[in-house]
Amino acid sequence: MNSKKSTTFLFVAIISMLLATNGYAQVSHLSCEHLYQPLGIDNPDPRLSWVLEDNSRGALQTAYQLIIGTDSAAVAAGKGDSWTTQKVMSASSLVTYNGKALQPFTKYYWRVQLWGQGGKKISPSAISSFETGMMDMRSWQGAWISDSKGIAEKPAPYFRHTFNVKKQIRSARAYIAAAGLYELYINGSKTGNHRLDPMYTRFDRRTLYVTYDVTAQLQNGNNAIGVLLGNGWYNHQSTAVWYFHLAPWRARPAFCLDLKITYADGTTETITSGKQWKTALSPVIFNSIYTAEHYDARLEQPGWNTVNFDDKKWEEVTLRSAPSKNIVAQNMQPIRNVETIPAKSMNKLSDTVYVFDLGRNIAGVSQLTVKGESGTVLRLKHAEKLNKAGRADQSNIDIHYRPTDDKDPYQTDIFILKGEGEETFMPRFNYKGFQYVEVTASKPVTLSKENLTGYFMHSDVAPVGHISSSSNTINKIWEATNVSYLSNLFGYPTDCPQREKNGWTGDAHIASETGLYNFDGITIYEKWMGDHRDEQQPNGVLPSIIPTGGWGYEWGNGPDWTSTVAIIPWNLYIFYNDSKALKDNYESIKRYVDHINELYPTGLTTWGLGDWVPVKSKSPVEFTSTAYYYADVSILAKAAALFHNKTDEATYTALALKIKNAFNAKYLNTATGMYDKGYQTELSVPLYWDLAPADLKGKIAANLAERVKQDNYHLDAGILGAKAILGALSDNGFADVAYRIASQETYPSWGWWIVNGATSLYENWDIEAKSDLSLNHIMFGEIGAWLYKGIGGIKADPLQPGFKNVILEPHFVPGLDHFEASHYGPFGNIVSSWKKEGAYIVYNVTVPANSTATVHLTGKVYLDGKLVPATYKISSGSYRFEIK
C-alpha cells in the first residue's frame, strides 16, 4: 500500500526490528485508541498502548510507568500534570487512562518508561501525543446549515465564508460534522487526503465529526472556507431493492463546522457555520454513492473557495436541526485513495469509444484526463468484465438496481467538458467495483492508456500480516483474498463494492479473522459495533445489513448472519487483548441471545438464511443457525466470566449446554460419528464451533475427510461450510486433506477462480452461473485466515489473548516445500516459517518481546541440536527447530 499511514507503519516496524536485531531494546508504536497521534479524541478514558522491541531471548517487560501531561517539556523530564503513574509491576502494554479529567480541545503529550528483566531500565519511549475534540455535544458553537433545496435537487451545494485573522496563529483545528458527505477547503486547497468523510452511520441516531489540523492552511489577513456537500447514504437518490431512498432520516445534506484558532498570545477564536455563510449549486450535477457521479465542467466557478471570489449572486443558507442528538468523533482510519493503478492497456474501438483495462479488479474510482470541445459528454462505464465485443459488461452486477429513468446510469460517471484545454475528472462522492472502464464520447476525442488511472480506495488500515509459500496458486489466493477484504472496507465491512455496498453481517463475521490477521482493523470494527447498537431493536433483533435505512429486519437476519454482534467483539478481544468492544456490546449480545431463547425454547432455531450459495448439497437452516446460536451463547458466557458476572456466566453456560445437547440429540449419530446426511457442512460446522463431543471429534473428522475424498477433494459447501471446513480438518488431524481442498485448481475451488484470471474472490464457485456472480466478494474469504492458522499455525491463546502467548502449530503438508506466515500483533512481529530440506524440516520461529509461545510439532524435534518435546514452551526470541 502506498498511503502515508501504511508506509509509515511498515517503515517504523522495519526500523524497529532492525534496531532490535542489533540488540537494542526500545519502545515503539505508541498508540492512543489504536491510532497514531490522533486528533479529536472523544473518549474520556482513552486506551494507550505500546510495543517493546527487543529480539533477545526472554525479553520481557516487568514494569511500566506512564507520564501524561499538557507540557511536552515537562513530560520529557518525567513529569506529567495529567497522569503520572507509579512504577507499575506489570507486563501489560495496553492501559486505560485513569488520570485527571481530560479537557476538550487539548493536546496531551505522553511517554512510557519500561523496565525489563531483572529490573533493568529500558530507554524511555519517544514522546507521543493525542488531542481531545469536543468531548461533549455542548462544546459545539456552529449551527447546522444547508441550502434551501429539497431532497430531489440533483446538483451538490457549495458553501463559503470569509473571515479575518489579525494575530499570529499558534494552531488551528477544523471540526466538521455532516449529514451526507463533504469536502472541506481552506483558501482554495482541500483539507486532508480523506475520501468519503464522514463514515456511514445510522444518521438519525449517531453522526460523526472529523478533526483536521489546518494551521498551515490559514494566513494572516483574510481567509476563506469552502464546503462541498455530497449525498452519500444520507440523501439516497438512486433506487434499488433495499429502499434507501425511503430512509427515515433522508434530507438535503447539511453540515456544522467549528474552526478553532489558538493565537500565539494564548487567546482563542472560533469561526462557525451559520447565517453569515453563502451557498450556490456546484458543477457536481448529480452524485450517488450507489451508482456514480455527474460533473459539468461548464458550471465551474473558479476560485469559489478563495478570498477574492465574488459571491454577490450566491444565496443565503438555511439553518437546520442536527440530524441526531449524538454527534461523536470519527476516531478510525479514514478512507483514502490508497493505491494508484495506471491502466494496463487500452482498446480503441472507434474515435468515440475506448475501453481501459486496469489489469485487476478493485474498489475505487477512475480519473480521466482529456481534451475536447465544450459540451462533449463523456460517459465512463465501470464493469468487472467485458462482453464478446470487448465492451463493458455489467450483466453480473446490476441485478438489484431499479432505476426509475435513464438519468442515473449504473456505475457510469458522466463528465461534460468545458472545452478549455486539458481537463481532469475524478468523482468525489462515489466509488465502484471494476476492472474495466469504457469511455464513450459524444464527439470524437483522442485518448491513450495514459489518460486513465484507477485508484484503489478503502479504509486505510495498516497491513500487519504476510503469507509466502512455494505455491504460486496459494500466494495468489492470499493476495486475492486481501483485495476483496479491502475492497469491502469503507468505514464498515461490506459484501461487494459494485452492486450493493451493503454491510451484510454474515459476510463480515466470516471474513473478520482474515481481516485481523492481515490488517490493523480494530477501529473499523469498533465503529461498526456502534452501528449494531444503533440498529438493534429493544427486543434484541438486528437487521441483516448494518447500517440500514430500514430494510433487513424481516429477511436475511438470524444467528447465522447477525452473530456479528458477538463474534466480532470476541475476535477483537482474542487478537488485541482489548475487551472494550466486548464490554460495549455485552448487553446487546445478551438481548439478542435472550430473544432467540424466547422464540426457540427447545434450543434449536430455524431462524436464518442457511449455507448460502452451496455447490450442490444444502444443509438444513436449523443445523447451521443453531450452531451459530450456540457460538453466540458460548461467547456471552465467556464474556460474563471475563467481566466477573457469575450469575450470567452460570445462566449462559447452562443455556449453551442445553443447545449443544439438543443439537447433538437431533443430528448426531453417536455410533457412526455422522451428523445428519453427512455433507461437508454438516460434519465441519460442529467441529469448528465446538458442538461435537470431545470423544467423537476424531471419528467425525475422519468421516469428514472421507466425505471430502468422495467429493474428489473438492468443496461441496456454501459460505458457512467454507468458513468451517478447512479449520475443522486441520485442527483434527487432517491438515493434508484441508490443503488439498485449498490448493485445488479445478471447479469448485479458490484456485479455479485464480486459473481463470481472478485477482479478487468471487461470489460463486461456478463462474458461469446465472446469478450471484459478483467478481469481488469476501464471503468465501476464511481461507485467508486459515493460511495463518492451518498451515502457518499462528493462533492466539484464548487464555492469554492478544498473542501474549502464541500457539504455534504448523502443518508441513504434502504439496508445499516451504511456507512462511508473519503477523504483527500487539506485542510485535510473530514469524512462523518452515522449509523441507531433504529428510528433515527446518522450522524458524520469531516470538516478539514480552510474549511467549507454545510450539506443537510432531516427530523428533531438535532445538539448537538438542532433542526437545514435541510440545515445547518458548520465551521471546528467534528459534530454529529441526524435525526429523
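As the structure is a prediction and not an experimental result, all values here were calculated from the model.

J.: Please give an account of the overall build of the chain that cites residues and values.
T.: Helix and strand counts for the chain come out as 17 helices and 45 strands. Since a compact globule built from 884 residues should have a radius of gyration of about 29 Å, the 28 Å found for the chain is in line with a globular shape. For the chain, restricting intrachain contacts to residue pairs at least 6 apart in sequence, the fraction spanning at least 24 positions comes to 74%. Surface summary for the chain: the accessible area is close to 31500 Å², and the carbon and sulfur share equals 50%.

J.: Go over the packing of helix α12 (residues 680-688) against helix α14 (residues 719-730), please, and point to the residues and values.
T.: Relative to each other, α12 and α14 sit at 65°, their axes nearing to 8 Å. Crossing angle aside, the handedness with which α12 passes α14 is left-handed. Of the residues in α14, those in contact with Gln 680, Thr 681, Ser 684, Val 685, Leu 687 and Tyr 688 of α12 are Leu 720, Gly 721, Lys 723, Ala 724, Ile 725, Gly 727 and Ala 728. Class assignment of the residues belonging to the contact of α12 with α14 gives a composition of seven nonpolar, five polar and one charged.

J.: Please set out the sheet that holds strand β45 (residues 877-883) residue by residue, giving values where relevant.
T.: With antiparallel pairing, the seven strands of this open sheet are ordered in space as β33-β38-β39-β40-β45-β42-β43. Pairing within the sheet leaves two strands with one partner each, and these edge strands are β33 (465-469) and β43 (866-868). Across the sheet, the axes of successive neighbouring strands diverge by a mean angle of 20°, strand direction being ignored. Bridge analysis of strand β42 (residues 861-863) against β45 gives three bridges, and the strand direction is antiparallel. Its bridge partner lying in β45, Leu 863 is registered against Phe 881.

J.: Outline the pairing of strand β6 (residues 107-115), supporting the account with residue identities and numerical values.
T.: The element β6 is extensively covered by neighbouring structure, given that seven of its nine residues are classed as buried. Direction of pairing for strand β3 (residues 63-69) relative to β6: antiparallel, over a ladder of seven bridges. Bridge pairing links Tyr 64 to Leu 114 in β6. As paired elements, β6 and strand β7 (residues 128-131) share four bridges and run antiparallel to each other. Residue pairing in the sheet places Lys 107 in a bridge with Glu 131 of β7.

J.: An account of the layout of surface pockets is needed here, citing residue identities and associated values.
T.: Empty space within the second largest pocket amounts to approximately 1200 Å³. Along the wall of the second largest pocket there are 37 residues; nearest its centre are Trp 570, Lys 638, Tyr 688, Asp 690 and Pro 798. Those elements that place two or more of their residues in the lining of the second largest pocket are α4 (505-518), α7 (564-576), α10 (621-642), α11 (646-667), α12, α14, α17 (782-791) and β36 (794-796). Take the lining of the second largest pocket: its biggest share by element is six residues, from α10.

J.: Would you mind going over the nonpolar core in detail, with residue names and values included?
T.: Nonpolar side chains in soluble globular proteins tend to end up buried together. If you look at the biggest cluster of nonpolar residues, it comprises 214 residues, and the most contacted ones within it are Leu 378, Trp 750, Leu 808, Tyr 843 and Phe 881. Of the residues forming this core, the biggest block, twelve residues, is contributed by α10. Apart from the residues lying within four places of it in its own chain, the contact partners of Phe 881 are Ile 841, Val 842, Tyr 843, Val 845, Val 855, Leu 857, Val 861, Tyr 862, Leu 863, Val 868, Tyr 872 and Ile 874. Of all hydrophobic cores here, the second largest spans 27 residues; its members include Ile 176, Val 227, Ile 261 and Tyr 263.

J.: Just give me the short version of empty space enclosed by the protein, but keep the residues and values in it.
T.: If you walk through the whole model with that rule in mind, you get four cavities of 30 Å³ or more. Here the largest cavity defines a volume of roughly 130 Å³. As for the largest cavity, its lining consists of 14 residues, of which Leu 181, Leu 196, Tyr 200, Trp 233 and Ile 289 are closest to the centre. Its residues assigned to classes, the lining of the largest cavity comprises twelve nonpolar, two polar and no charged.

J.: Any chance you could break down the pattern of salt bridges for me, citing the residues and the numbers?
T.: Per the counting criterion, the structure on display carries 46 salt bridges. Notably, a salt bridge pairs Arg 47 with Asp 578, separated by 2.7 Å at the nearest N-O pair. Note that Arg 47 is positioned in strand β2 (residues 47-53) and Asp 578 in the loop between α7 and α8 (580-584), a separation of 531 residues in sequence. An identical accessibility class is assigned to Arg 47 and Asp 578; each is buried. Ionic pairing is found between Arg 499 and Glu 763, a salt bridge with its closest N-O pair at 2.6 Å. Residue Arg 499 is found in the loop between α3 (472-487) and α4, and its partner Glu 763 is found in the loop between α16 (750-755) and α17; the two are separated by 264 residues along the sequence. Across this residue pair, the class does not change: Arg 499 and Glu 763 are buried. Through salt bridges that share partners, Glu 33, Arg 47, Glu 526 and Asp 578 make up one connected network.

Thresholds, definitions, all that
- Residues numbered from 1 in each chain as written.
- Predicted model: local features only at pLDDT ≥ 70, side-chain atom pairs only at ≥ 80, totals over all residues.
- Heavy atoms only, no water.
- Helix = DSSP H or I, 4+ residues; strand = E, 2+ residues; numbered from the N terminus.
- Rg over C-alpha atoms; globule rule 2.2 N^0.38 Å.
- Contact = heavy atoms within 4.5 Å.
- Areas by Shrake-Rupley, 256 points an atom, 1.4 Å probe, with all protein chains shown as cover.
- Axes fitted to C-alpha atoms, helices over the stretch in contact; angles between N-to-C directions.
- Left-handed = near helix turned anticlockwise from the far one by under 90°.
- Nonpolar A, V, L, I, M, F, W, Y, C, P; charged D, E, K, R; others polar.
- Pairing = 2+ DSSP bridges.
- Buried < 20%, exposed > 50% of the residue type's maximum accessible area, 1.4 Å probe, protein only.
- 1 Å grid on protein atoms, 1.4 Å probe; cavity = no way out; pocket = protein on both sides within 12 Å on 5 of 7 lines; lining within 4 Å.
- Points joined across faces, edges and corners; volume = space filled by probe spheres on them.
- Core = buried A, V, L, I, M, F, W, Y, C linked by side-chain atoms within 4.5 Å.
- Salt bridge = Lys/Arg side-chain N within 4 Å of Asp/Glu carboxyl O.

So, to be careful, I would describe these as geometric facts and stop short of saying anything about function.
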